Amino acid sequence: AHGILVGWSDGSSLGVEIVNNTVHDCGGSNPDTAAVYYSGGHHGLIENNRLYNNAGDGITFPSSDDITIRNNVIHHNQVDGMKGGGGGLILIEGNTINNMVSVANHGDGMQLMGMTGTLVVRNNTVWDCTQNIYCDTYSNPAGSRPWGDVYIYNNVVFNSVPGPTGIEGHYNG
């Protein structure tokens with residue numbers, strides 16, 4: 001039920017570019033989907049896409065290396081704007097992400113986890129998500145997954161509405 005699916009889990013996707021697409025209303029009622037699911041890819045580009053009204057994430061990129069996610073407009077998805085991690089250089093810049101707050105899911109703007117290389121998050125605008133930019137250890141036991149170098153700068157992050165009610169432990173910020 002993903003809008004665009006690249007690589008799944010075998011790591012065979014090299015240099016795939018997902019550019020200038022509009023993906024909306026995908027996933028039915030399945031929150032484990034994404035408008036763009038880019039798994040195990042290397043040297044990829046996700047740029048200038050408009051991703052909205054999907055049942056899961058806007059962009060999911062687990063275990064991807066050397067990926068650039070740039071100038072996407074992501075809004076009103078039912079889970080996260082983007083979620084993932086990987087190695088090499090992960091560059092996230094110039095994206096606009098808003099309104100990932102849903103009553104059923106926590107809805108982060110960005111949920112970033114398990115980076116083993118360098119993560120650069122810059123020049124993004126993120127608002128009205130449960131957690132706007134969230135660096136998650138996402139490991140069992142907690143904190144056992146490694147983090148490389150993390151740089152988060154020149155982003156605009158704000159909330160004009162309070163977070164969802166009834167979701168214990170999740171807050172805007």
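Rules and cut-offs
- Throughout, residues of each chain are indexed from 1 in the direction in which the sequence is written.
- Under the rules for a predicted model, residues below a pLDDT of 70 receive no local features and side-chain atom pairs below 80 are neither given nor counted, while totals for whole chains, interfaces and linings still include all residues.
- Water and hydrogen atoms were dropped before computing side-chain values, which therefore reflect all heavy atoms in the structure.
- Paired rings are identified among Phe, Tyr and Trp, the last through its six-membered ring, by centres lying within 6.5 Å, and are further divided according to the angle between planes into stacked (under 30 degrees), edge-to-face (over 60) and tilted (the rest).
- Secondary structure elements are taken from DSSP: a helix is a run of H or I of four residues or more, a strand is a run of E of two residues or more, and numbering for both begins at the N terminus.
- Only protein chains enter the calculation, and the probe is 1.4 Å; a residue is then buried if its accessible area is under 20% of its type maximum, exposed if over 50%, and partly exposed in between.
- Strand pairing follows a simple DSSP-based rule, namely that at least 2 bridges must link the two strands.
- For this document, the term salt bridge refers to a Lys or Arg side-chain nitrogen within 4 Å of an Asp or Glu carboxyl oxygen.
- In these notes, a set of buried Ala, Val, Leu, Ile, Met, Phe, Trp, Tyr and Cys residues joined through side-chain atoms within 4.5 Å is what counts as a nonpolar core.
- In what follows, residue pairs with any heavy atoms lying within 4.5 Å of each other are defined as contacts.
- A fitted line through C-alpha atoms serves as each axis, taken over the contacting stretch for helices, and the angle formed by two N-to-C directions is quoted from 0 to 180°.

A. Quick peek at the packing of aromatic side chains. Enumeration according to the criterion identifies 1 aromatic pair in this entry. Seen from their ring centres, Trp-127 and Phe-158 are 5.5 Å apart, and the 5° between their planes marks the pair as stacked. Separated by 31 residues along the polypeptide, Trp-127 in strand 13 (residues 125-127) and Phe-158 in strand 16 (residues 156-158) bring together distant segments of the chain. Judged by relative accessible area, which is 22%, Trp-127 ranks as partly exposed. Residue classification places Phe-158 among the partly exposed residues on the basis of a relative accessible area of 36%.

B. Expanded view of the pairing of strand 11 (residues 110-113). Residues Met-110 and Leu-112 of strand 11 are buried on one face, and the alternating residues Gln-111 and Met-113, pointing to the opposite face, are buried as well. By the bridge criterion, 4 bridges tie strand 11 to strand 14 (residues 133-136) in an arrangement that is parallel. Following the sheet pairing, Met-113 is matched in strand 14 by Asp-136.

C. Summary view of the pattern of salt bridges. Across all of its chains, the model carries 5 salt bridges by this definition. The shortest N-O distance in the salt bridge between Asp-80 and Lys-83 comes to 3.5 Å. Here Arg-122 ties to Glu-93 by a salt bridge, and the two come within 2.7 Å at their closest N and O atoms. With Arg-122 in strand 12 (residues 118-122) and Glu-93 in strand 9 (residues 82-93), the pair connects residues that are 29 residues apart, well separated along the chain. For Glu-93, a relative accessible area of 13% gives the class buried. Residues joined by salt bridges that share partners form a network here, namely Glu-47, Arg-70, Glu-93 and Arg-122.

D. Looking closely at the nonpolar core. Grouped together as the largest cluster of nonpolar side chains are 26 residues, with contacts concentrated most on Ile-59, Phe-61, Met-82 and Ile-92. Where this core is concerned, the elements lending two or more residues are strand 4 (34-38), strand 7 (57-70), strand 9, strand 11 and strand 12. The greatest single-element share of this core, amounting to 4 residues, is contributed by strand 7. Filtering out sequence-adjacent residues up to four positions away, Phe-61 remains in contact with Tyr-38, Ile-67, Ile-69, Met-82, Lys-83, Gly-84, Gly-85, Ile-90, Ile-92, Leu-112 and Met-115.

E. Spatial organisation of the sheet that holds strand 16. An order of 3-6-8-10-13-16 is seen for the 6 strands of this open sheet, with the pairing classed as parallel. The strands lining the two open edges of the sheet, one partner per strand, are strand 3 (22-24) and strand 16. Each strand axis lies, on average, 5° off the axis of its neighbour in the sheet, ignoring direction. Pairing geometry for strand 3 and strand 6 (residues 50-52), over 3 bridges, is parallel. Its bridge partner lying in strand 6, His-24 is registered against Tyr-52.

Functional significance is not addressed by these values, which are geometric in nature.
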